[in-house]
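Structural features, examined
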Amino acid sequence: MAELLSDQELTEALSHLPRWQRAGDTIETTAELPSFPAAIAVVNRVAEIAESVGHHPDIDIRWRKLTFRLSTHSEGGLTAKDTGLAAQIDEVLDVSSATPS
């Protein structure tokens with residue numbers, strides 16, 4: 001069971017995740033990839049990571065633009081699981097030449 005982050009803890013975590021912003025009980029980011037196949041490759045890599053850690057983002061695919069949303073639904077808000085996965089998603093985006101939208 002993961003513990004909800006306090007507002008201060010979340011603010012601190014997001015200071016290290018500049019792509020991400022809070023949206024209520026979620027954190028989210030949008031990135032634009034150079035092509036549709038590149039976007040799908042990112043989705044596939046994120047899916048592998050999500051399966052390995054047992055924590056899954058909501059992903060919206062719009063041609064080559066991807067939006068990721070994270071929340072620990074079982075806890076009713078944001079936990080370290082979300083910020084940890086956000087950091088891993090950022091690593092995938094960094095390698096994939098994504099630009100923030």
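See the structure above.
In this text the structure is predicted, and so the values were computed from the model without any measurement. (Residues numbered from 1 in each chain as written. Predicted model: local features only at pLDDT ≥ 70, side-chain atom pairs only at ≥ 80, totals over all residues. Heavy atoms only, no water.)

**A closer look at the overall build of the protein chain**
Assigned secondary structure in the protein chain consists of three helices and five strands. In the protein chain, the succession of α and β elements from N to C terminus is α-β-β-α-β-β-α-β. The C-alpha atoms of the protein chain give a radius of gyration of 13 Å, which matches the 13 Å a tight globule of 101 residues would have. In terms of overall dimensions, the protein chain has a C-alpha envelope of 40 × 25 × 20 Å along the principal axes. Among the 101 residues that make up the protein chain, the fraction classed as buried is 38%. Restricting to contacts in the protein chain with at least 6 residues of sequence separation, those with at least 24 account for 68%. Counting only carbon and sulfur atoms, one obtains 52% of the accessible surface of the protein chain, whose full area is about 5,700 Å². On the protein chain, the mean spot of the 8 positive side-chain charges and the mean spot of the 16 negative ones are 9 Å from each other. (Helix = DSSP H or I, 4+ residues; strand = E, 2+ residues; numbered from the N terminus. Rg over C-alpha atoms; globule rule 2.2 N^0.38 Å. Buried < 20%, exposed > 50% of the residue type's maximum accessible area, 1.4 Å probe, protein only. Contact = heavy atoms within 4.5 Å. Areas by Shrake-Rupley, 256 points an atom, 1.4 Å probe, with all protein chains shown as cover. Lys, Arg positive; Asp, Glu negative; His and termini not counted. Charge placed at Lys NZ, Arg CZ, Asp CG, Glu CD.)

**Some points on the nonpolar core**
One finds Trp20, Ile27, Val42, Phe68 and Ile89 to be the most contacted residues of the largest nonpolar core, which totals 22 residues. Looking at this core, the elements with two or more residues in it are α1 (7–15), β2 (26–32), α2 (36–53), β4 (65–70) and α3 (80–95). Once you skip the residues sitting within four places of it in the chain, Val42 turns out to touch Leu33, Leu66, Phe68, Val92, Leu93 and Ser96. (Core = buried A, V, L, I, M, F, W, Y, C linked by side-chain atoms within 4.5 Å.)

**Regarding α2**
The end-to-end C-alpha distance of α2 is 26 Å, a good match for the 26 Å that 18 residues give at a rise of 1.5 Å each. Of all the residues in α2, the buried ones are Ala39, Val42, Val43, Val46, Ile49 and Ala50. Taken end-on, α2 shows its buried residues confined to a sector of 125°, consistent with a single buried face. Relative to its buried face, α2 has exposed residues pointing more than 90 degrees away, namely Pro37, Glu51 and Ser52. Of the surrounding secondary structure, the elements contacted by the buried residues of α2 are β3 (58–62), β4 and α3. N-cap assignment for α2: the residue whose side-chain oxygen lies 3.2 Å from the backbone N of Ala38 is Ser35. Directly after α2, the chain includes Gly54, whose backbone phi takes a positive value near 65°. (Expected span 1.5 Å × (residues − 1). Arc of directions from axis to C-beta. Polar contact = N/O pair within 3.5 Å; in protein donor to acceptor, adjacent residues only side chain to side chain.)

**Details of α1**
Note on helix geometry: an α-helix contains 3.6 residues per turn, so any two residues three or four positions apart are oriented the same way. Buried within α1 we find Leu10, Ala13 and Leu14. The arc that holds the buried residues of α1, viewed along the axis, is 95°, so those residues lie on one side. Those residues of α1 that are exposed and aimed more than 90 degrees away from the buried face are Gln8 and Thr11. Residues of α1 that are buried make contact with β1 (21–23), β2 and α3.

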